[in-house]
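What follows is the residue order along each chain.
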Amino acid sequence: MKVFVPRDAAAIAVGAERVAQALSRVAAEKGIDLTLVRTSSRGLFWLEPLVEVETPQGRIGYGPATVADAEGILDGGAAAIALGLVEEIPFLKRQNRLTFARAGITDPLSLADYRAHGGYKGLERALSLGGAGTVDEVKRSGLRGRGGAGFPTGIKWDTVARAASPRKYIVCNADEGDSGTFADRMVMEGDPFLLIEGMTIAGAATGATKGFVYIRSEYPHGIAAMEQAIATARQERLLGADILGSGVSFDLEVRVGAGAYVCGEETALLESIEGKRGQVRAKPPIPALRGLFGQPTMINNTLSFAAIPFILAEGAQAYADFGMGRSRGTMPVQIAGNVKHGGLFETGFGITLGELVEDIGGGTATGRPLRAVQAGGPLGAYFPPSLFGTPYDYEAFTAAGGLVGHGGLVLFDDTVDMARMARFAMEFCALESCGKCTPCRIGSTRGTEVIDRIIADRDRAANITVLRDLCETLKFGSLCALGGFTPYPVMSALTYFPEDFGATPLPLAAE
Amino acid sequence: MHAYRAWDPARAEEIMGPLLALEGPLLPILHALQGEFGHVPEAAVPMVAARLNLTRAEVHGVVSFYHDFRAAPAGRHVLRVCQAEACQSMGATRQFADLLAQLGLDAGGTTPDGRLTVEPIYCLGLCATAPAALLDGEPHGRLDAGRLSELAAAA
């Protein structure tokens, strides 16, 4: 009997380890010949721990499973948590899993599993295409930076490939600090060879021989999985000199962050790898020309690198066939917070925000009315239900005064106090500001104080004017997105939820 | 739970040795020192500075910039409770405040017996199983007030 239990940190957080142990124990007691495989997570987190049993028809799911369910699962009972064929669960069936094709299916640390499920086909094709051909493929896929800025990935690759330097670097930004996001974590814990393959393709395409994966210290399981996978890849000569007999050399190193949110900003991240304070650099020069240790550096988000193997293996067009407008391909949307069906939903761009949170997410976990959705992390706007018709697309979100960011959606029910959330945004900015530019360093602290005065109803109208002014200063006067985007949550809260800032409704202002 | 070693300059040199060849060795060195001694002692700063040909001010600047590096060892157990937005949406702010009140601690404080340090953390990537916390590096999700207190008590 073959049974699958995820080893993803979110599954472990809700008891997957105990369930796996119980399954082994019960099997031993009953003399069942059990093969227990620890997989990645499907990303259907409300069902975790999600135990899957192999049958001739496919995998049957049970979740959320507890220790007490172990016997029933092995007996074919456990009717109360039986989910039928996992592939038929609507949340999963409705997705287009390109990047997360192996999620929940394979053993993350098994290179054999990875290869059996299409792994390293992308690198093989990239090596046969050569550098210029690979860069061209990435360009034609329409892939845009999945970290938040949405810059065309192919153009970045081209710039690094054309930069003349004996030493170039590939850097993966795995400093996934945005609340409501966990897709990078799922890639690193659940499919680490995918990231290694994506970065290796980048190295081969641009002539870079060294790569760094900068992972936040808050992800101990992701760090361990990446380090183990890198060691395996090195052993199997998929990293190091002469990869797959191509003459291409590329090696990877994991670097661990130290609890600074701002290091998710690419230039601060580079400073951090160099062993400095994580302070933002002024651009230009862009990292593609002068990045890590002053050398041409391709720095991309984890999800951008993770999209690459599919694009190379299946062709740019297969990827670009998904999406809308200038947002091509799929986005692994992460639905989180106060949500009934929270998890990872990879889909082509163009689905509406309302479909994502109400239809797919199923509304709030508490069952109370859904009042606000924060899209794009701590620096993203709060969307009220009246904007749920907004299509999930870089341009449409920008037009609505928000951002797609790294794909996180955090739901809040009607008990949320939006003035408090606005205050938190300023407070978080003050806590995490690197201190290099004045609007962010000082403005965030002043912003917290101003919101405190508004909440305490001291000169409310005047202080709201001050807050709007301050947000303008932050938005246009900050060096990076931390100071520059903190106004998004603050202003959207103030604009769409004025009742939380005082009795007098405010006129709607275009942010 | 970790048993940390008392500050030992010879041991610190040993730890630094193999890391000096890395590109940008400072953060890996600081992490390694903290892993051994539970904090980055003041006495380590001039030593690291000398080995990396940096000024003491530069090293101190880095140590003090990052939230992770401690000036003194934490308690024997560390409970890091997520306070970011997704966990807030499930009541994490209140739970954290109540836990601190129960234990008579401020955020980041350690119980008088040195058993437990409780501190906020901003996002563990467990946002669809919120509220979440990390106890000695192990993740816990779908917490409520009762389960959070149990974690604090069990540590």
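Counting of residues starts from 1 at the beginning of each chain's written sequence and follows it residue by residue. Labels are handed out in written order, letters beginning with A for the chains and numbers beginning with 1 for the ligands. The model is predicted, so local features are restricted to residues of pLDDT at least 70 and side-chain atom pairs to those at 80 or more, both for listing and for counting; the totals for chains, interfaces and linings are taken over all residues. The basis for every side-chain value is the complete set of heavy atoms in the structure, and neither hydrogens nor water enter the calculation.

### Concerning helix H10 (residues 220-235) of chain A
Residue and element names in this part refer to chain A.
Then, number 1: In a regular helix each residue adds 1.5 Å, so 16 residues correspond to 22 Å; H10 covers 23 Å between its end C-alpha atoms and thus fits that length.
Then, number 2: Classification of residues uses two cut-offs on accessible area relative to the type maximum, computed with a 1.4 Å probe and protein chains only: under 20% is buried, over 50% is exposed, and between them is partly exposed. For helices the rule is a DSSP run of H or I covering at least 4 residues; for strands it is a run of E covering at least 2, with both sets numbered from the N terminus onward. Residues of H10 that are buried include every one of Gly222, Ile223, Ala225, Met226, Ala229, Ile230, Thr232 and Ala233, and no others.
Then, number 3: Looking at the buried side of H10, the elements it contacts are helix H5 (111-116), helix H8 (183-190), helix H9 (192-206), strand S7 (210-215) and strand S8 (251-256).
Then, number 4: One or two steps after H10, the chain reaches Arg237, where phi turns positive at roughly 60°. One less than the residue count of a helix, multiplied by 1.5 Å, gives the span that helix is expected to have. In this description, contact between two residues means that some pair of their heavy atoms is separated by no more than 4.5 Å.

### Examining the state of the cysteines
Among covalent bonds in proteins, the disulfide is the one between the sulfur atoms of two cysteines.
All names here are of chain A.
Then, number 1: Put simply, a disulfide is two cysteine sulfurs that come within 2.5 Å. Tallied over the entire structure, the rule returns zero disulfides over all chains.
Then, number 2: The cysteine Cys263 is free of any disulfide, with Cys434 supplying the nearest cysteine sulfur at 8.9 Å.
Then, number 3: Cys437 carries a free sulfur, and the closest cysteine sulfur to it, the one in Cys440, is 5.2 Å from it.

### Points about the sheet that holds strand S14 (residues 370-375) of chain A
All names here are of chain A.
Then, number 1: Two strands make a pair as long as DSSP finds a minimum of two bridges between them. Across the sheet, five strands lie side by side as S13-S12-S16-S14-S15; this open sheet has mixed pairing. Single-partner strands in this sheet number two, and they are strand S13 (343-348) and strand S15 (382-383).
Then, number 2: The pairing of S14 with strand S16 (residues 408-413) spans five bridges and is classified as antiparallel. Bridging across to S16, Leu370 finds its partner in Asp413.

### Focus on the packing of aromatic side chains
Residues and elements named next belong to chain A.
Then, number 1: Side-chain rings of Phe, Tyr and Trp, where Trp is taken by its six-membered ring, are said to pair if the distance between their centres is within 6.5 Å; with planes under 30 degrees apart they count as stacked, over 60 as edge-to-face, and otherwise as tilted. Evaluated as defined, the whole model comprises 21 aromatic pairs over all chains.
Then, number 2: Taking 6.3 Å as the distance between ring centres and 55° as the angle between the ring planes, the aromatic pair formed by Phe310 and Tyr319 counts as tilted. The burial state of Phe310 is the same as that of Tyr319; both residues are buried.
Then, number 3: Three or more aromatic residues joined by ring pairs make a cluster, and in this case those are Phe349, Phe383, Tyr392, Tyr394 and Phe397.
Then, number 4: Whether a charge sits over a ring depends on NZ of Lys or CZ of Arg being within 6 Å of the ring centre and within 35 degrees of the ring normal. Between the NZ or CZ atom of Arg216 and the centre of the ring of Tyr219, over which it lies, the distance is 4.8 Å.
Then, number 5: Taking the ring centre of Tyr488 as reference, the NZ or CZ of Lys475 above it sits at 5.7 Å.

### Some words on the interface of chain A and chain B
Then, number 1: With 65 residues of chain A at the contact, the number on the chain B side is 38 residues.
Then, number 2: Between chain A and chain B, a total of about 3700 Å² is buried, with carbon and sulfur atoms accounting for 58% of that surface.
Then, number 3: We count a salt bridge whenever a side-chain nitrogen from Lys or Arg sits within 4 Å of a carboxyl oxygen from Asp or Glu. Summed over the shared surface of chain A and chain B, the result is two salt bridges.
Then, number 4: Between B:Glu23 and A:Arg167 there is a salt bridge whose closest N-O contact spans 3.3 Å. The term buried area means the drop in 1.4 Å probe accessible area that two parts suffer when joined, counted for both and summed.

### A closer look at the packing of helix H2 (residues 26-37) of chain B against helix H3 (residues 44-52) of chain B
Residue and element names in this part refer to chain B.
Then, number 1: Put simply, H2 and H3 touch, their axes get as near as 12 Å, and they point 145° apart. In the packing of H2 onto H3, the handedness of the crossing is right-handed. Counting all contacts with H2, which are made through Leu26, Ile29 and Leu33, the residues of H3 involved are Ala44, Val48 and Leu52.
Then, number 2: Here the term charged refers only to Asp, Glu, Lys and Arg, the term nonpolar to Ala, Val, Leu, Ile, Met, Phe, Trp, Tyr, Cys and Pro, and the term polar to all other amino acids, Gly among them. Its residues assigned to classes, the contact of H2 with H3 comprises six nonpolar, no polar and no charged. Interaxial angle, 0 to 180 degrees, is taken between N-to-C directions of lines fitted to C-alpha atoms, where a helix line uses only the stretch in contact. Crossing handedness follows the turn of the near helix against the far one: under a right angle anticlockwise gives a left-handed crossing, and clockwise gives a right-handed one.

### Focus on the domain arrangement of chain B
Often, the extent of an interface is quoted as the loss of accessible area on bringing the components together.
Then, number 1: Throughout the structure description, domain borders are defined by an automatic or database domain assignment. The assigned domain composition of chain B is domain 1 (9-65) and domain 2 (77-154).
Then, number 2: For domain 1 of chain B versus domain 2 of chain B, the distance between C-alpha centres works out to 30 Å.

### What about the domain arrangement of chain A?
All names here are of chain A.
Then, number 1: You can read the domains of chain A as domain 1 (2-93), domain 2 (111-320), domain 3 (323-413) and domain 4 (418-501).
Then, number 2: For domain 2 versus domain 4, the distance between C-alpha centres works out to 34 Å.
Then, number 3: Between domain 2 and domain 4, the contact holds ten residues from the first and eight residues from the second.
Then, number 4: Regarding the contact of domain 2 and domain 4, the summed buried area is about 750 Å², with carbon and sulfur atoms giving 72% of it.
Then, number 5: At the surface where domain 2 touches domain 4, the tally comes to zero salt bridges.
Then, number 6: The definition of a polar contact used here is a pair of N or O atoms within 3.5 Å, where within protein one atom must be able to donate a hydrogen and the other to accept one, and adjacent residues in sequence count solely through side-chain atom pairs. On inspection of domain 2 and its partner domain 4, the count reaches three residue pairs in polar contact (both at pLDDT 80 or more).
Then, number 7: Residue composition of the side of domain 2 that touches domain 4, grouped by class: five nonpolar, three polar and two charged.

### As for the pairing of strand S2 (residues 116-121) of chain B
All names here are of chain B.
Then, number 1: Taking burial as the measure, the six residues of S2 include five buried ones, the bulk of the element.
Then, number 2: Strand direction decides the pairing type here: strand S1 (residues 77-82) and S2, joined by six bridges, are parallel. In the sheet register, Arg80 faces S2, and the bridge partner there is Glu119.

### A closer look at the pattern of salt bridges
Then, number 1: Enumeration according to the criterion identifies 44 salt bridges over all chains in this entry.
Then, number 2: Here A:Arg144 and A:Glu395 are joined by a salt bridge, their closest N and O atoms 3.1 Å apart. With A:Arg144 in the loop between helix H6 (121-141) and helix H7 (153-162) and A:Glu395 in helix H15 (residues 394-399), this residue pair connects regions lying 251 residues apart in the sequence.
Then, number 3: On the accessibility criterion, A:Glu395 (29% relative accessible area) is partly exposed.
Then, number 4: Between A:Lys210 and A:Glu253 there is a salt bridge, and its shortest N-O distance comes to 3.0 Å. Of this pair, A:Lys210 sits in strand S7 while A:Glu253 sits in strand S8; the two residues are 43 residues apart in sequence, bridging distant segments of the chain. Residues A:Lys210 and A:Glu253 agree in their burial class; the two are buried.
Then, number 5: If you follow the salt bridges from partner to partner, you end up with A:Arg167, A:Lys210, A:Glu253, A:Arg255 and B:Glu23 in one network.

### A closer look at the nonpolar core
Then, number 1: Grouped together as the largest cluster of nonpolar side chains are 149 residues, with contacts concentrated most on A:Trp157, A:Ile196 and B:Tyr66.
Then, number 2: Once residues within four sequence positions are removed from consideration, B:Tyr66 is found in contact with A:Tyr214, A:Ala258, A:Ala260, A:Cys263, A:Ser272, A:Lys276, A:Arg277, A:Gly278 and B:Leu27.
Then, number 3: Put simply, buried Ala, Val, Leu, Ile, Met, Phe, Trp, Tyr and Cys residues joined by side-chain atoms within 4.5 Å make one nonpolar core. In this structure, A:Ile89, A:Val339, A:Phe397 and A:Leu409 belong to the second largest nonpolar core, which totals 32 residues.

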